[in-house]
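Report on the structure
So you can see what is in the structure, the chains are spelled out below.
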Amino acid sequence: MNSLLRRLLSQPWVWSYLGALLVWLAAIVFTHGYGAGGMISAGLALAVFSVITGVAQMFVITLGPGNVDLSLPANIGLASAVAMKVMGGSDSLIALGLGAALVSGIGIGVGNYLLIWLLRIPPIIATLSASFIIQSIGISYGRGLQIKPPPGFAEFTTVQLAGVPLLAIGTVVLTLGFAVLLHRTIYGRSVLAIGQNPRAAWLAGIAVERTRCFTYLLSGALGGICGALLAGYFRGSSLDIGDEYLLASIALVVIGGTSVSGGKANVTGLWGAGLFLVLLLTMLNTFGVSAGIRYVVTGLVIIGVIVAAGGEKAR
Amino acid sequence: MDEHSANIVDLTHIEKTFGAVRALAGVDLMVSRGECVGLVGHNGAGKSTLMNILAGTLAADAGEISIGGKPQKHYSVAQAHKLGVRCVFQELSLCPNLTVAENARVLHPSIAGWGWRKQAGRLIREKLDAIFPDHGISTDSMVGDLPIGKRQMIEVARAFTVTKESVRLVILDEPTSSLDSHRAGQLLAHVRRAITDGGACVLISHLLGEILEYTDRIVVMRDGKVVAADRAAAFSRDRLVTTMGATAAGRTGRADAGTVARGSTPVRVRAQPVRQSDGFELVAHQGEIVGLAGLAGHGQTDLLLTIFKAAARRTAGVKISDPVALIAGDRQSDGIFPLWSIAENIGIRSIKNLRRGRLISPDLETRFAESWRDKIKILTPDLRNNILSLSGGNQQKALFARALGSEARIVLMDDPMRGVDIGTKLEVYELIRSEARAGRTFLWYTTEMEELQNCDHVYVFRNGRIVADLRRDELSEEKVIQSSFEEAIHS
């Protein structure tokens, strides 16, 4: 029992769940227990989006130093517009719209990878400059109009089963799949190997460029899906709908126990970190803190986690 | 400090354990002024651990350290440096993103102010000139861009540089493992010069010839203990090997000659170095062990990498018939995945075959690693331990297991025996020979004559080109050295 506890505590993701629990307790103590369940339900619904972007960012960051996808917010914004325009408010076109969002995301992934591979631009610059291009495309494509989702799709993104959002259940299943992809497939092993030492990975016979390419495609695809879902959840697309998910995705990766220097990733921790961040904001809201303070606290939490994780390594 | 104390180092009853592994079980070591002590033993005997403690990078669990006759209570790297203890470790410790001069400065905080780069550059250049004449290293080069042999030369030269603190003891842990015999000789001659000036040296090497020829006293370690310590003159190669407890004492590792007549089996590799203009090419047949000889860094590794690349993409001048695996000699930068377990490090090259359905099976992976642990004798209590828990030689064995366990019919070896002890070497030679008999083809770059003795055919490289093509019965050390230094005439 004791050794089980010790093994549990040695897992890097435990702390994110403990943090989420602590923040939730603090919030319900403040409200004297009022809205305890609702807070979790709303937390799960909101965490879905940061978890999806977190998975995308996790695979990219695990590729090793310098790898990060900064184009996620622009990708999400464009995909939300593409999805809503293709659906055109009609329930019969939902699948087509989702497909279009996916294609838009994958296209952005391809663009990112081509910039990195053909022009040998560092990923951080490539994805940043790509996001400016995507934004301009989004502006000329959507003309800044907010298009409403079909009623069926809006319903789908908010429906609950026994108080648990359907979308959250679906995303849990999805993340389980990504955990298997990371730990039990050749692709996942390749990502982890490249993140530790790309040269050694190449010499061990790993298809380095193919793995890198697929990872940026995967990140793009997840961004596209996330954009479509967000447009449904918030009842309309907009180009800045994904803005907060750049910081959120990176924060989730870090707080969830994935190594920022690559080669070591953790899917389980993304949910803990996602809930933690969402509940932290909920708690600060119930305390009636201003938006400025909320950003400061979020920033401090991320810095704190990185310092704590770094301290562990130095030991 | 008592400058007249005869003993520079006195280690008494040093103990150290790593988890379940007892690396040092009460070791005594004494080094006196003007002495070069040779330290030998198998991989995992505790040599490197002992030297890490002497250098201050590891703290001993028990025992006393006394330097220059003064007992050290709080011994650390900084303290060691202040007392003039310098070390050159097996795992090279230069910063790859800094230039040669900047790396020299790292060790000498007293170099400061305007023109520090120039000062540091001069300091290291003078040492390099003194130890390795015609080294051809620019002090402005980025260390990461240099081949491992040059990095080792810089590392050695840096250990001998002096600004404020004088150097009293230099620890050389496998200093010649990445150097060819010419450079190794220059280094060892320098060590002899340095100790006549009142310094001292501890030399760790698996090349017993070096130890017997250049040291005054030899200390033999086995299983974390000192099992013998005597004047070098009192040892012979055979006595050393027996004391170390080698499994195959007295054998030189030379194979029976003429097992396969060249040309009777199909050609597996045909490769021409990029700079070869005379149509000369390297040819390897099925079941052959082909040696790539010559001085370090004369294009052998480049050709191996070209062949490796040709396995994935068609390359001009190279023809190969089968899958290829490579065993890196520079295991830190080319081989090891430091965050993974031993089992994961061994399995990665064969991961396709360790699946059930489409998913990797940890069970198959462990069993695969276990079979190779037994076959190649990797010393570890648990294959799930991190790869870095292994000693350097055992890490190298894991890399051998990775390549030999794969489906590759052609195995490229980039000077893979660096830092591997003689017992292990003999085991690995045997393994390579039996794999070759079973039809595998080996391309083996090495700077050691003893390893070339295992080859069926040897190509000597010079300035990126093949300059000699020697059959086994033509092979001799003189021929290799001669071709390495002057343009060979081949018909």
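Residues numbered from 1 in each chain as written. Chains lettered and ligands numbered in written order. Predicted model: local features only at pLDDT ≥ 70, side-chain atom pairs only at ≥ 80, totals over all residues. Heavy atoms only, no water.

1. Thoughts on the overall build of chain B
Scanning chain B from terminus to terminus reveals 16 helices and 21 strands. A globule of 491 residues ought to have a C-alpha radius of gyration of about 23 Å, and chain B, at 23 Å, matches this closely. Look at the contacts in chain B between residues 6 or more apart in sequence, and 68% of them connect residues 24 or more apart. With an accessible surface of roughly 20,600 Å², chain B has 50% of that area assigned to carbon and sulfur atoms. Considering chain B, the positive charge centre built from 62 side chains and the negative charge centre built from 59 side chains are found 4 Å apart. (Helix = DSSP H or I, 4+ residues; strand = E, 2+ residues; numbered from the N terminus. Rg over C-alpha atoms; globule rule 2.2 N^0.38 Å. Contact = heavy atoms within 4.5 Å. Areas by Shrake-Rupley, 256 points an atom, 1.4 Å probe, with all protein chains shown as cover. Lys, Arg positive; Asp, Glu negative; His and termini not counted. Charge placed at Lys NZ, Arg CZ, Asp CG, Glu CD.)

2. A look at the overall build of chain A
Regarding its fold elements, chain A presents 14 helices and two strands. Taken over C-alpha atoms, the radius of gyration comes to 20 Å for chain A, in line with the 20 Å a tight globule of 315 residues would show. Dimensions along the principal axes, computed over C-alpha positions, put chain A at roughly 55 × 55 × 35 Å. Across the 315 residues that make up chain A, the buried fraction comes to 50%. Within chain A, residue pairs in contact and separated by at least 24 positions form 76% of the contacts whose partners lie at least 6 positions apart. Element-wise, carbon and sulfur atoms account for 72% of the exposed surface of chain A, whose accessible area totals about 14,000 Å². Both charge centroids of chain A, one from 16 positive and one from 8 negative side chains, sit 13 Å from each other. (Buried < 20%, exposed > 50% of the residue type's maximum accessible area, 1.4 Å probe, protein only.)

3. Comments concerning the interface of chain A and chain B
At the interface, 20 residues of chain A touch 26 residues of chain B. Summed over both sides, the interface between chain A and chain B buries roughly 2,000 Å², with carbon and sulfur atoms accounting for 65% of that surface. Among the residues chain A hides against chain B, the three largest losses belong to Arg184(A), Arg189(A) and Leu203(A). Together they make up 35% of the total. At the boundary of chain A with chain B, the tally comes to three salt bridges. The tally of links from chain A across to chain B stands at six residue pairs in polar contact (both at pLDDT 80 or more). Counting only elements with at least two residues in the side of chain A that touches chain B, the list comes to helix H8 (166–184), helix H9 (186–196) and helix H10 (198–203) of chain A. Of the residues belonging to the side of chain A that touches chain B, the class tally is ten nonpolar, six polar and four charged. (Buried area = accessible area lost by both parts, 1.4 Å probe. Salt bridge = Lys/Arg side-chain N within 4 Å of Asp/Glu carboxyl O. Polar contact = N/O pair within 3.5 Å; in protein donor to acceptor, adjacent residues only side chain to side chain. Nonpolar A, V, L, I, M, F, W, Y, C, P; charged D, E, K, R; others polar.)

4. Remarks on the packing of aromatic side chains
For the structure on display, the rule yields twelve aromatic pairs over all chains. The interplanar angle of 80 degrees and the centroid separation of 4.7 Å between the aromatic rings of Tyr187(A) and Phe214(A) together place this pair among those described as edge-to-face. Taken together, the residues Tyr187(A) in helix H9 and Phe214(A) in helix H11 (residues 208–233) connect sequence positions 27 residues apart. Classification of Tyr187(A) as buried rests on a relative accessible area of 12%. Owing to a relative accessible area of 39%, Phe214(A) belongs among the partly exposed residues under this scheme. Considering the side-chain rings of Tyr429(B) and Trp444(B), the 5.8 Å spacing of their centres and the 50 degrees angle between planes classify their relative orientation as tilted. In this pair, Tyr429(B) sits in helix H14 (residues 422–437) while Trp444(B) sits in strand S19 (residues 441–445), placing the two residues 15 residues apart along the sequence. The exposure class of Tyr429(B) is buried, given its relative accessible area of 1%. For Trp444(B), a relative accessible area of 0% translates into the label buried. It is Lys85(A) that lies over the ring of Tyr141(A); its NZ or CZ is 4.5 Å from the centre. (Phe/Tyr/Trp six-rings, centres within 6.5 Å; stacked < 30°, edge-to-face > 60°. Lys NZ or Arg CZ within 6 Å of the ring centre and 35° of its normal.)

5. With respect to the environment of Asp180(B)
All names here are of chain B. Looking at the element boundaries, Asp-180 is found in the loop between strand S7 (169–173) and helix H6 (181–196). A relative accessible area of 6% means that Asp-180 is categorised as buried. Contact partners of Asp-180, with chain neighbours within four places excluded, come to Leu-295, Ala-296 and Thr-447. For Asp-180, the side chain forms a polar contact with the main-chain nitrogen of His-182, separated by 3.1 Å. Here Arg-183 takes part through its backbone nitrogen, which lies 3.0 Å from a polar atom of the side chain of Asp-180.

6. Details of the pairing of strand S21 (residues 465–471) of chain B
Remark: a regular strand shows side chains that alternate across the two faces of the sheet. Residue and element names in this part refer to chain B. Examined bridge by bridge, strand S20 (residues 457–462) and S21 share six bridges and lie antiparallel to one another. By the bridge assignment, Val-460 is partnered in S21 with Ala-468. Hairpin connection, S20 to S21: the antiparallel pair is bridged by two residues, and Asn-463 has positive phi, about 50 degrees. (Pairing = 2+ DSSP bridges.)

7. With respect to the sheet that holds S21(B)
All names here are of chain B. With mixed pairing, six strands are arranged side by side in an open sheet as S15-S18-S19-S13-S20-S21. If you trace the sheet from one side to the other, it starts and ends with strand S15 (324–327) and S21, each paired once. Put simply, the sheet's adjacent strands are angled 20 degrees from each other on average, direction ignored. As defined by bridge partners, strand S13 (residues 289–294) adjoins S19 across four bridges and the pair is classed as parallel. Looking at S19, one finds that Val-290 is bridged to Leu-443. Docked against the sheet, helix H13 (residues 392–404) engages S15, strand S18 (410–414) and S19, running at close to 175 degrees with respect to S15. (Axes fitted to C-alpha atoms, helices over the stretch in contact; angles between N-to-C directions.)

8. Quick word on helix H5 (residues 148–160) of chain B
Residue and element names in this part refer to chain B. The first and last C-alpha atoms of H5 sit 19 Å apart over 13 residues, in line with the 18 Å expected at 1.5 Å per residue. Among the 13 residues in H5, twelve count as buried, and that is most of the element. Every buried residue of H5 is accounted for by Ile-148, Gly-149, Arg-151, Gln-152, Met-153, Ile-154, Glu-155, Val-156, Ala-157, Arg-158, Ala-159 and Phe-160. Contacts made by the buried residues of H5 are with strand S6 (85–88), helix H3 (100–106), helix H4 (116–131), S7 and H6. (Expected span 1.5 Å × (residues − 1).)

9. A closer look at the nonpolar core
Proteins that are soluble and globular tend to have nonpolar side chains buried together. Core analysis: the largest hydrophobic core is formed by 89 residues, its most contacted members being Phe400(B) and Ile432(B). Ranked by residue count, the leading element in this core is H14(B), at seven residues. Phe400(B) has contacts with Ile327(B), Ile376(B), Gly405(B), Met413(B), Pro416(B), Met417(B), Val428(B) and Ile432(B), leaving out every residue within four places of it along the chain. Ala168(A), Leu182(A), Tyr245(A) and Trp271(A) belong to the second-largest nonpolar core, a separate cluster that totals 81 residues. (Core = buried A, V, L, I, M, F, W, Y, C linked by side-chain atoms within 4.5 Å.)

10. Considerations on the confidence of the model for chain B
All names here are of chain B. When pLDDT is averaged along chain B, the result is 84, and 93% of the positions lie at 70 or above. The lowest-confidence element of chain B is helix H16 (residues 477–485), averaging 74 in pLDDT; the highest-confidence one is helix H11 (residues 342–347), averaging 94. Of the regions scoring below 50 in pLDDT, residues 246–259 engages in 29 contacts with residues more than four places distant in sequence or in other chains. For residues 487–491, every residue scores under 50 in pLDDT, and the model assigns this stretch eight contacts once sequence neighbours within four places are set aside. Scored as a complex, the prediction yields pTM 0.77 and ipTM 0.87. (pLDDT = per-residue confidence, 0-100.)

11. Overview of the side chain of Thr211(A)
Along the chain, the position of Thr211(A) falls in helix H11. Other than its neighbours up to four places away in sequence, Thr211(A) contacts Tyr187(A), Ser190(A), Val191(A), Ile194(A) and Ile206(A).

12. Topic: the packing of helix H12 (residues 245–255) of chain A against helix H13 (residues 268–286) of chain A
All names here are of chain A. Between H12 and H13, the shortest axis-to-axis distance is 8 Å and the interhelical angle comes to 125 degrees. If you check the angle between H12 and H13, you find them oblique. In this structure, the crossing between H12 and H13 has a hand that is right-handed. When H12 is examined against H13, the residues Ala-251, Leu-252, Val-253 and Ile-255 are found in contact with a partner set consisting of Leu-270, Ala-273, Gly-274, Phe-276 and Leu-277. Here the contact of H12 with H13 is built from residues that sort into eight nonpolar, one polar and no charged. (Parallel < 35°, antiparallel > 145°, perpendicular 65-115°, else oblique. Left-handed = near helix turned anticlockwise from the far one by under 90°.)

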